[in-house]
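Observations on the three-dimensional arrangement
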Amino acid sequence: MCGIVGYIGSRQAYPIILNGLKRLEYRGYDSAGIAIYDGAGIQLSKTKGKVSDLEKRVKKEIKTTGTLGIGHTRWATHGVPNDVNSHPHYSNSGELVIIHNGIIENYSAIKKALIKRGYSFYSETDTEVLVNLIEDIKKKENVKLGKAVQIALNQVVGAYAIAVFDKMKPDEIVVAKLGSPLAIGIGEDEFFVASDATPFIEFTNNAIYLEDEEMAIIRLGREVRVRKIKNDSLVVPYVQELQLNLEQIEKGGYDHFMLKEIYEQPSVIKDTYRGRLLASEGIIKLGGLEDHIQKFINANRVIIVACGTSWHAGLVAEYIFEDWARIPVEVEYASEFRYRNPIITEKDVVIAISQSGETADTLAAIKLAKQRGAFVYGVCNVVGSSISRETHSGTYTHAGPEIGVASTKAFTTQITVLTMIALKLAKIKGTISQSNYMKHLRELEMIPHHVEEALKSDTKIRAIAEVFQDAANFLYLGRGYNFPVALEGALKLKEISYIHAEGYPAAEMKHGPIALIDEQMPVVVIAVNSNHYEKVVSNIEEIKARNGKIIAVVTEGDSTVKELADYIMEVPKTPETLSPLVTTIPLQLLSYHIAVMLGRNVDQPRNLAKSVTVE
Ligand code: AGP
């Protein structure tokens with residue numbers, strides 16, 4: 001996700017926009033830019049790097065006087081972070097300038113059509129395509145900017161929060177929203193535009209939050225006019241009086257970034273498959289994979305290298321790839337793989353999974369694999385990160401910045417990408433029936449809804465956390481696809497509450513860990529509908545017979561485990577193969593609430609860093 005800021009009024013726009021960008025930097029920070037109307041033309045400066053880098057560049061490059069302007073801090077989704085790909089973007093004539101947060105899925109088709117009409121492009125971004133589409137319509141239809149924006153947005157598919165102005169009519173800013181947030185601050189004869197209220201809360205607490213598929217023409221000297229993009233009909237806007245403080249707004253009103261990111265999972269899973277999963281057409285489109293399919297199909301095996309939560313996502317992928325695509329998979333801790341002189345050949349495909357794209361051990365494992373001839377594919381969340389540049393190709397998760405040290409939305413979006421890869425390979429190899437393939441596409445498309453439903457148990461899970469906050473140890477058990485989720489749940493608890501927790505395959509209990517069971521040992525058991533269900537029920541009975549306290553994750557409506565467990569956390573019914581995407585939700589919430597009750601620094605737990613760039 002990116003941060004957008006705009007201002008039109010009687011004050012100097014530059015300081016307001018620059019300060020606003022600093023406040024939005026948590027939303028994205030790989031490049032930044034600003035455009036100011038100086039009374040005659042547009043002064044524009046943009047750069048790879050942080051807002052502080054932009055500030056230095058502005059001082060050297062442009063005049064900053066002017067009372068109309070827009071600014072942007074980027075979290076790249078299309079095009080690596082560099083100066084050219086930074087926002088704002090000009091239209092070809094130089095008259096329009098735009099900033100955008102979101103993804104235009106059909107930008108390449110629109111770009112081809114515009115090139116045929118004589119347009120040139122200087123960046124790799126979807127945003128530059130959008131501003132030239134608006135310009136093309138404005139000139140062709142001879143309409144004002146607002147009308148051109150409305151027509152253009154009815155031709156694009158994707159998500160956006162945009163702000164655009166025309167230097168030929170510098171008394172207005174046009175904004176529009178679908179899928180990405182956009183707030184309009186209403187001042188005394190001045191207006192602010194931003195991704196959230198942090199850039200303008202010191203100037204006004206009156207705000208309009210546009211709804212999806214709404215746009216607004218913000219013109220000095222009159223009320224904000226909000227319209228429906230679909231049919232241009234007027235909307236009576238609801239002006240909110242904000243009571244939040246700055247810090248609360250950055251966290252979207254949540255107490256911690258981790259909780260915000262847990263709740264972002266429905267939308268970021270959707271962002272991650274947007275434009276890639278076309279369920280009704282039975283198509284999966286993964287740009288980074290298309291040219292390398294045969295390498296996967298002909299591979300002797302897939303070796304997955306990762307660390308921490310990303311390693312757990314790799315374990316889930318092992319089940320998915322072997323179960324569906326019948327491709328042998330080995331999952332390796334990158335830190336072990338890189339030192340143990342592994343056997344790697346040209347017939348191997350390595351998948352490197354990393355949220356930050358900067359984990360030193362994973363990067364080293366990639367380099368070793370490349371040296372020994374393997375094809376290396378990345379699954380990263382940060383565009384242009386070291387790992388994304390080191391791998392031969394890859395697929396980005398679109399989780400947006402993950403600020404909390406404990407990884408949550410990265411895990412579910414990584415599994416979403418890996419599931420799409422496995423499904424695509426299985427379809428090509430013919431190892432999955434057409435009906436099962438189509439069923440899984442539809443079920444994957446439903447996952448954001450199921451995650452929404454799972455989040456509704458938050459209050460109940462908080463009450464369970466209250467009961468167990470003083471436990472000294474936890475066991476987490478799962479079978480099959482949910483064994484890696486048991487490991488992930490234990491890691492979440494350990495790293496933010498500092499309570500010792502171990503994840504185990506449920507069947508392994510009788511090989512030792514069951515000696516640990518007594519009334520002091522809470523055991524979290526993932527017992528959703530699956531091929532192993534009866535066996536997990538037996539494991540629960542074994543624990544119960546030894547006075548263990550059982551917290552079970554169950555499929556909603558389950559009546560058997562409900563009778564056995566001390567506490568249950570329900571999740572919607574999904575195919576077992578997709579269940580990790582929902583069973584992980586209550587475990588994230590359980591660890592979060594226990595950590596908060598223990599007064600831990602949830603977003604920055606002791607001894608930990610968000611990205612382990614050291615060995
Ligand atoms: C997970 O909650 C931890 N923050 C940590 O294990 C993390 O997953 C690991 O360091 C790998 O990071 P990466 O995904 O950025 O490579």
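Everything below is about the structure printed above this text.
Let us look at the structure shown here. For clarity, every value in this text was computed on a predicted model and none was experimentally measured.

1. Things to note about the overall build of the chain
- Looking only at helices and strands, the chain has 21 helices and 27 strands in total.
- Whereas a compact globule of 615 residues would reach a radius of gyration of roughly 25 Å, the chain reaches 25 Å, a difference of no more than 12%.
- Principal-axis analysis of the C-alpha atoms places the extent of the chain at approximately 80 × 55 × 45 Å.
- Here the chain holds 615 residues, and 61% of them are scored as buried.
- Sequence separation of 24 or more characterises 71% of the internal contacts of the chain that already satisfy a separation of 6 or more.

2. So, the environment of His100
- Within the secondary structure, His100 is located in strand β6 (residues 96-104).
- The sequence separation of His100 and Pro88 amounts to 12 residues, and the corresponding C-alpha distance is 8.0 Å.
- In this structure His100 touches Cys2, Ile4, His72, His87, Asp126, Thr127, Ala159, Tyr160, Ala161 and Ile162, once residues within four positions along its chain are discounted.
- Within the structure, the side chain of His100 is placed 2.8 Å from the side chain of Thr127, a separation counted as a polar contact.

3. Considerations on helix α1 (residues 13-24)
- Its 12 residues place the ends of α1 16 Å apart at the C-alpha level, agreeing with the 16 Å of an ideal helix rising 1.5 Å per residue.
- For α1, a buried count of 9 out of 12 residues is recorded, marking the element as mostly surrounded by other parts of the structure.
- Listing the buried residues of α1 in full gives Ala13, Tyr14, Ile16, Ile17, Leu18, Gly20, Leu21, Arg23 and Leu24.
- Where the residues of α1 are buried, they touch β1 (3-8), β2 (31-37), α2 (51-61), β4 (68-74), β10 (191-194) and α6 (246-250).

4. What to know about the environment of Lys228
- By the element assignment, Lys228 lies in strand β13 (residues 225-228).
- In this structure the C-alpha to C-alpha distance between Lys228 and His449, which are 221 residues apart in sequence, comes to 25 Å.
- Once you skip the residues sitting within four places of it in the chain, Lys228 turns out to touch Asp212, Glu213, Glu214, Ser233 and Val235.

5. Here we look at the packing of aromatic side chains
- For the coordinates displayed, the defined rule picks out 12 aromatic pairs.
- Centroid distance Trp311 to Tyr333: 3.9 Å. Interplanar angle 10°. Geometry classified as stacked. In this pair, Trp311 sits in helix α11 (residues 308-325) while Tyr333 sits in strand β19 (residues 329-333), placing the two residues 22 residues apart along the sequence.
- Each ring, one from Phe468 and one from Phe474, has its centre 6.3 Å from the other, and the planes form 70°; the classification is edge-to-face. Neither Phe468 nor Phe474 differs from the other in exposure class; each is buried.
- Here the aromatic cluster, defined as three or more aromatic residues joined through ring pairs, consists of Tyr7, Phe192, Phe200 and Phe203.
- Over the ring of Phe375 we find Lys295; its NZ or CZ atom is 4.7 Å from the centre of that ring.
- The ring centre of Tyr498 lies 3.8 Å from the NZ or CZ of Arg606, which sits over that ring.

6. A few points about the pattern of salt bridges
- This model, assessed by the stated rule, comprises 32 salt bridges.
- For the salt bridge of Glu202 with Arg23, the shortest nitrogen-to-oxygen distance reads 2.5 Å. With Glu202 in the loop between β10 and β11 (206-209) and Arg23 in helix α1, this residue pair connects regions lying 179 residues apart in the sequence.
- On the basis of relative accessibility, which here comes to 47%, the residue Glu202 falls in the partly exposed class.
- Between Glu390 and Lys370 there is a salt bridge, and its shortest N-O distance comes to 2.9 Å. Pair noted here: Glu390 is in helix α14 (residues 386-390) and Lys370 is in helix α13 (residues 360-371), with a separation of 20 residues, a long-range link.
- Exposure remark for Glu390: the relative accessible area of 23% places this residue in the partly exposed category.
- Judged by its relative accessible area of 27%, Lys370 is partly exposed.

Reading the values: rules and limits
- Residues numbered from 1 in each chain as written.
- Predicted model: local features only at pLDDT ≥ 70, side-chain atom pairs only at ≥ 80, totals over all residues.
- Heavy atoms only, no water.
- Helix = DSSP H or I, 4+ residues; strand = E, 2+ residues; numbered from the N terminus.
- Rg over C-alpha atoms; globule rule 2.2 N^0.38 Å.
- Buried < 20%, exposed > 50% of the residue type's maximum accessible area, 1.4 Å probe, protein only.
- Contact = heavy atoms within 4.5 Å.
- Polar contact = N/O pair within 3.5 Å; in protein donor to acceptor, adjacent residues only side chain to side chain.
- Expected span 1.5 Å × (residues − 1).
- Phe/Tyr/Trp six-rings, centres within 6.5 Å; stacked < 30°, edge-to-face > 60°.
- Lys NZ or Arg CZ within 6 Å of the ring centre and 35° of its normal.
- Salt bridge = Lys/Arg side-chain N within 4 Å of Asp/Glu carboxyl O.

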